[in-house]
Amino acid sequence: MENNQVLHYFEDSKPIEETGEEEIVDLAGYQVTKAELFAHSREPAITLWENRLKFNMACLRRFPGVTHIQVLIHPEQRRLIIRPCEPDTPDSLRWAKGGGEKEISNRDLICKVFAARVFDLMKWDPQYRYKVLGKPATCDGEVLFLFKLSDFELFVGGKKRNSYLPEDWRNYFGVPVEQHEESYKIDLADGYITTERI
């Protein structure tokens, strides 16, 4: 056996190369486990307070050098999209400090009216803050970032934080495999609106 050969062992401890057995599985009935159920401090996320929002550095790293974005929201689907754009694009928002010679860093986006509308849409309690993980998405070849507002983590308190997940997640791990990929498809012509500077 060569030194760089990798062997896979199963319960009977025999290498797969020796047994020639490989189980074929049907993914029906499996659930894609929600990332929110794992530690995810380095994953792209947005945090919303009652008067502001902030994208973490992992989001900014997905769009190197991008200082401005548009925020699109689909009220019926409860989804938010960030779309990189040029600074002079209508309704562009500066989501990063720095740029040019300076390294980019994230910043708070003060948005009392927008945040209040999101909190109202989602029936969130303004005394808490909400964290939503993002996923890369594309639409007509354009690279975007998608946040499902219904998949959130709620935080209570200051430095010693307690986090909570939606109660209806208690009885399942995630979305059925058959629905998972479909749930991340987007069509910008299907009900998305750009946010105004409010």
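Located above this text is the structure these notes cover.
Residues numbered from 1 in each chain as written. Predicted model: local features only at pLDDT ≥ 70, side-chain atom pairs only at ≥ 80, totals over all residues. Heavy atoms only, no water.

*Asks:* Can you lay out the overall build of the protein chain for me, pointing to particular residues and giving the numbers?
*Replies:* Helix and strand counts for the protein chain stand at 4 helices and 14 strands. Looking at the protein chain as a whole, 37% of its 198 residues qualify as buried. If you take every contact in the protein chain between residues at least 6 apart in sequence, the share linking residues at least 24 apart comes to 63%. Here the protein chain has roughly 13,100 Å² of accessible surface; of this, 48% comes from carbon and sulfur atoms. (Helix = DSSP H or I, 4+ residues; strand = E, 2+ residues; numbered from the N terminus. Buried < 20%, exposed > 50% of the residue type's maximum accessible area, 1.4 Å probe, protein only. Contact = heavy atoms within 4.5 Å. Areas by Shrake-Rupley, 256 points an atom, 1.4 Å probe, with all protein chains shown as cover.)

*Asks:* Pulling in residues and values, what's your account of the pattern of salt bridges?
*Replies:* As enumerated under the stated definition, the model contains 3 salt bridges in all. A salt bridge links D108 to K54; the shortest N-O distance between them is 3.6 Å. Placement of the pair is D108 in the loop between β8 (102-106) and β9 (109-110) and K54 in strand β3 (residues 52-55), with a sequence separation of 54 residues. When its relative accessible area of 28% is taken as the criterion, D108 is described as partly exposed. Salt bridges sharing partners connect three or more residues here, namely R52, K54 and D108. (Salt bridge = Lys/Arg side-chain N within 4 Å of Asp/Glu carboxyl O.)

*Asks:* If you had to explain the pairing of strand β5 (residues 79-85) to someone new, which residues and values would you point to?
*Replies:* The buried fraction of β5 amounts to 5 of the 7 residues, a majority that puts the element mostly inside the structure. Across 7 bridges, the pairing between strand β4 (residues 68-74) and β5 is antiparallel. Across the sheet, the residue bridging to Q70 is R83, located in β5. Remark: 4 residues form the turn of the hairpin made by β4 and β5, two consecutive strands paired antiparallel; R78 in that turn has positive phi of roughly 55 degrees. Two elements, β5 and strand β11 (residues 142-156), share 4 bridges in a ladder whose sense is antiparallel. Pairing of L80 across the sheet is with F147, part of β11. (Pairing = 2+ DSSP bridges.)

*Asks:* Give a description of the environment of I104 that names residues and reports values.
*Replies:* Mapped onto the fold, I104 is located in strand β8. Sequence separation of I104 and R61 is 43 residues, and the distance between their C-alpha atoms is 9.1 Å. Those residues within four positions of I104 in sequence are excluded, and the remaining contacts are M57, L60, G65, V66, T67, A96, K97, G98 and G99.

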